Each structure stands twice: as C-alpha cells, then as structure tokens.
Protein chains: 2
Amino acid sequence: MKRKPSTEATSAWIRLMRVQSRVLDCVEQDLKKAGFPPLAWYDALLELSRAPSGELRPVELERQMLIPQYSTSRLIDRLVDEGLACRRECKIDKRGQFVEITEAGRELQKRMWGAYSAAIEKYVGSKLSDADAVKLSGLLDRLGCACGEMKLPPVVNVNETSPSR
Amino acid sequence: MKRKPSTEATSAWIRLMRVQSRVLDCVEQDLKKAGFPPLAWYDALLELSRAPSGELRPVELERQMLIPQYSTSRLIDRLVDEGLACRRECKIDKRGQFVEITEAGRELQKRMWGAYSAAIEKYVGSKLSDADAVKLSGLLDRLGCACGEMKLPPVVNVNETSPSR
DNA sequence: CCCCACTCGATGCACCTGCATCAATCTTGA
DNA sequence: TCAAGATTGATGCAGGTGCATCGAGTGGGG
C-alpha cells in the first residue's frame, strides 16, 4: 500500500519552500535596490576570485555552482559583456577555455559582499541565535544529502568573504 | 562600525539556498518525469479546489500563493488554455472575474498529489524523523517571520490533500 | 593511424519572470 | 455628483532558464 507522507515532513517541506523564497526575495531586493546585479553573478565572481590565479574552466565553475552547463555558458557571456571577466584560450585543450576575473570583477565582488553580508545579517543572523543557526544547518544538511552529493563546506569553514549559494 | 554577519548565520543561509534548490529540483524532476505540469500549477489548482464552490478571484489566488499579480494572470491563462479552469464574470465588480476549477482540474490536482506526496516522502520524510521535521519547521518559521507576514498554517494543521508551497 | 565515443562549450527555441504601464472600473470625499 | 485616486487584471518588452542539439576537439581501441 502507498505510504502517506508524514504530516511533519509535508509541513517542513512547505516551510522550506516558502521561507527560502521569501528570504531570498528580500535579500535580492536589498541588493537590487543598492544597484547590484543578481546573486548568481556574485556567486560566479566569488568562485573565480577564489580560484588560484583567478581563473577557472567553465566546467569547473559549473560544478562549483551546481548549475547547468548552458546556464554557466550564458552567465559567463554576461560577465564578459560587463567587463567583469574575460575569456582566455586554453592551450592544453582546444575545446575549452579559461574564464578569468578582471580587476573590475574582483572589485564588484567585494562591494557586493558588503551589501550581501548585511542582508544575511538582517534576514538570518538577527532572527536566529548562533546555536539555532547551527541546528538549522545540521537539519538542512541531512536533507541535502538526500539527493546527490552536497558539495558544501563543513558548517564551520566559511572564510572571510564567503557565501556562494 | 559595520557588523559582520555571524559565520553561523552565513552558513545556515548557504545551506538554506542550496538545499531547497536541490530538493525542489528533485521533486520537480520526479513530477515532470511522471508527465505532470510544474508545481505552480498544482499550487493554483489546490487553492482553487479548496475554495468554497471552487472559485476564486485572481486577487485572492495571488495573495494565497504569494506570487506577483502578473504571474497569477498568466498562470490562469495557462490553466484555462488546458481546460483545467475557466474564467467567469464577476457581477459585483466588473473589473474583476472569478476563476473556477473544472472537473479536469480537480482530477489533475488529485493525481498530482499522488506523485507529489510520494516525492515529499522520498526527499524529506525519509531523511528526517518527525521530531526533526518539527524542529526544522520551527526554525524556518522564525526565519520566515523575518520578512513580512508568513501566512502559513500552524505546523500541525496540514490536511489530507495538503501542500501549496 | 583512424574511427567512434565522449567531453566541452554555444545556441535556437519555447516558456516563464520581472517590470512598467495600460484601460476599465470602483471608491472616496468635497 | 463628479473628479481624483485606488484597485483589478492584461500585456509588451527584456531578460533568464530548461531542453535539445550542434560543432569542435580529445582520446582510446582496433
């Protein structure tokens, strides 16, 4: 016979969906009002800036960000159009390329982190104690493992200029 | 001086974003593979089916679903195109209209709930104990209250054919 | 060496979203 | 009663996403 999902699981699911979309909206709104591009740009710039010598293969970026290949491709287009990154040929594999963050890119990433971290503090930090935030992380991690590898840094290891959804 | 967001809050934020997008992807994939339309359709059909006499003003639907006005408008277009709902004139306010769910709509909603609930069970229920699901709900609720009213049913009250993100 | 299978990245298409704005209608208050 | 403003719902436009597919390039087995 078909198992009925527990009321608790369903309720948790509903909240997970609603709350994250609300919080995300709030954060994106704050960034937008401050005149910044979408969060996805920030994520990409952060990954690039963290890479040794500031460049990555699109394939790497894609795996880091957990977004589909075509999405990466077009995101890079936009970054390049805005002068935040540039494409460089890849000598060892002529199919491929490298994407390198520019100075403007690094600078924007840092400025965005200012607004971004403030928003996180406003919408998350101020609502949860550190202990609760840790609990939340733990519960979410268990959920995340559900479908595929999680590729998340351990709860503690979040360096100074940090996120990347 | 500017306050730096706590590492814990940032970490929780990252997990919230990543985990929900992964879990949501998984669930949507399952539904899509079973040949069903997107979850948003389900949500709308559920709201309509729950309404007394199966009809709602677009404005109501919009407020229930917490999506923008134009989004509701176009979602209704699609439902009507597929014969899942129909528009009815609103005699008391000629600007407005009623949207009524059709039999096909009710039937689809029920069939989707089968697949949907199975997916929730698979990706949430089987990963968390009921107690943990309750804890998660509680933590998320506190976050949700952060930005605007939450409009969520109390943790317990989730009736038989239930969700709606 | 060559062919086949695979990986890398781009792109055309459909659809969906956000934003701004519109026309129609309702409500308010002077 | 009537004008000003608010509310309802639709829509043109720009941009973003998913899907399928493509062409270029690589690499391994015969």
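Note that the structure is predicted; figures quoted are calculated from it, not measured. (Residues numbered from 1 in each chain as written. Chains lettered and ligands numbered in written order. Predicted model: local features only at pLDDT ≥ 70, side-chain atom pairs only at ≥ 80, totals over all residues. Heavy atoms only, no water.)

Section: the packing of aromatic side chains
Working step 1: Evaluated as defined, the whole model comprises 8 aromatic pairs over all chains.
Working step 2: Pairing Y42(A) with Y116(A) gives two aromatic rings, centres 5.1 Å apart and planes at 85°, and the pair type is edge-to-face. Placement of Y42(A) in helix α2 (residues 39-50) and of Y116(A) in helix α5 (residues 103-125) is noted, with a sequence separation of 74 residues between them.
Working step 3: Aromatic rings pair up to connect W13(A), Y42(B), W113(B) and Y116(B) into one cluster. (Phe/Tyr/Trp six-rings, centres within 6.5 Å; stacked < 30°, edge-to-face > 60°. Helix = DSSP H or I, 4+ residues; strand = E, 2+ residues; numbered from the N terminus.)

Things to note about the pattern of salt bridges
Working step 1: A complete count under the given rule lists 22 salt bridges over all chains for this structure.
Working step 2: For the salt bridge of R15(A) with D141(B), the shortest nitrogen-to-oxygen distance reads 2.7 Å. Here R15(A), found in helix α1 (residues 7-33), pairs with D141(B), found in helix α6 (residues 130-146), and the two come from separate chains. Note on accessibility: R15(A) and D141(B) belong to one class, buried.
Working step 3: A salt bridge links E89(B) to K91(B); the nearest nitrogen and oxygen atoms lie 3.5 Å apart. Considered together, E89(B) and K91(B) belong to a single accessibility category, that of exposed residues. (Salt bridge = Lys/Arg side-chain N within 4 Å of Asp/Glu carboxyl O. Buried < 20%, exposed > 50% of the residue type's maximum accessible area, 1.4 Å probe, protein only.)

So, the protein's contact with DNA strand C
Working step 1: Near DNA strand C there are 20 residues, and of these V59(A), S73(A), R95(A), Y70(B) and R74(B) occur at the shortest range.
Working step 2: Within 4 Å of the protein, the atoms of DNA strand C are drawn from sugar and phosphate moieties in a proportion of 60%.
Working step 3: In this structure, Q69(A) approaches DNA strand C through a side-chain N or O atom, which is 2.9 Å from a base nitrogen.
Working step 4: Within the side chain of R95(A), a nitrogen or oxygen atom sits 2.5 Å from a base oxygen of DNA strand C.
Working step 5: Taken together, the elements giving at least two residues each to the surface near DNA strand C come down to α3 (58-65) and α4 (69-81) of chain A together with α4 (69-81) of chain B.
Working step 6: Among the residues forming the surface near DNA strand C, the class breakdown is 5 nonpolar, 5 polar and 10 charged. (Near = heavy atom within 4 Å. Polar contact = N/O pair within 3.5 Å; in protein donor to acceptor, adjacent residues only side chain to side chain. Nonpolar A, V, L, I, M, F, W, Y, C, P; charged D, E, K, R; others polar.)

Notes on the packing of helix α2 (residues 39-50) of chain B against helix α3 (residues 58-65) of chain B
Packed helices, taken two at a time, are described by their axes: the angle between them and the distance between them.
Residue and element names in this part refer to chain B.
Working step 1: Packing of α2 against α3 leaves a shortest axis separation of 10 Å and a crossing angle of 120°. Overall, the two elements α2 and α3 adopt an arrangement that is oblique. When you trace α2 past α3, the crossing you get is right-handed. Between α2 and α3, the contacting residues are A40, D43, A44 and E47 on the first element and L61, Q64 and M65 on the second.
Working step 2: Among the residues forming the contact of α2 with α3, the class breakdown is 4 nonpolar, 1 polar and 2 charged. (Axes fitted to C-alpha atoms, helices over the stretch in contact; angles between N-to-C directions. Parallel < 35°, antiparallel > 145°, perpendicular 65-115°, else oblique. Left-handed = near helix turned anticlockwise from the far one by under 90°. Contact = heavy atoms within 4.5 Å.)

Things to note about unusual backbone geometry
Working step 1: Unusually for a residue other than glycine, S53(A) sits at a positive phi of about 60°.
Working step 2: Structurally, the position occupied by S53(A) is in the loop between α2 and β1 (55-56).

Here we look at the sheet that holds strand β2 (residues 85-89) of chain B
Residue and element names in this part refer to chain B.
Working step 1: Pairing is antiparallel in the open sheet, where 3 strands are placed in the order β1-β3-β2. Across the chains shown, the open sheet's two edge strands, defined by having one partner strand only, are β1 (55-56) and β2.
Working step 2: Summarising the sheet, β2 and strand β3 (residues 97-101) pair through 5 bridges and their orientation is antiparallel. Paired with E89 across the bridge in β3 is Q97.
Working step 3: Its contacts with the sheet place α2 against β1, β2 and β3, and it is angled at close to 100° to β3. (Pairing = 2+ DSSP bridges.)

Comments concerning α1(A)
All names here are of chain A.
Working step 1: Taking 1.5 Å of rise per residue, the 27 residues of α1 would be expected to cover 39 Å, and the 39 Å separating its terminal C-alpha atoms lies within 8% of that figure.
Working step 2: The buried fraction of α1 amounts to 20 of the 27 residues, a majority that puts the element mostly inside the structure.
Working step 3: Once α1 finishes, G35 follows within two positions and takes phi at roughly 85°, a positive value. (Expected span 1.5 Å × (residues − 1).)

Things to note about the pairing of β3(B)
In regular strands, side chains alternate between the two faces of the sheet.
Working step 1: Note that β1(B) and β3(B) share 2 bridges and pair antiparallel. Looking across to β3(B), one finds that L56(B) is bridged to V99(B).

Some points on the protein's contact with DNA strand D
Working step 1: Residues in close proximity to DNA strand D total 20 residues, the closest being Y70(A), R74(A), V59(B), S73(B) and R95(B).
Working step 2: Taking all atoms of DNA strand D within 4 Å of the protein, the share assigned to sugar and phosphate is 62%.
Working step 3: At 3.2 Å, a side-chain N or O of Y70(A) approaches a sugar or linking oxygen of DNA strand D.
Working step 4: Within the side chain of R95(B), an N or O atom sits 2.7 Å from a base oxygen of DNA strand D.
Working step 5: At the level of secondary structure, the elements contributing two or more residues to the surface near DNA strand D comprise α4 of chain A together with α1 (7-33), α3 and α4 of chain B.

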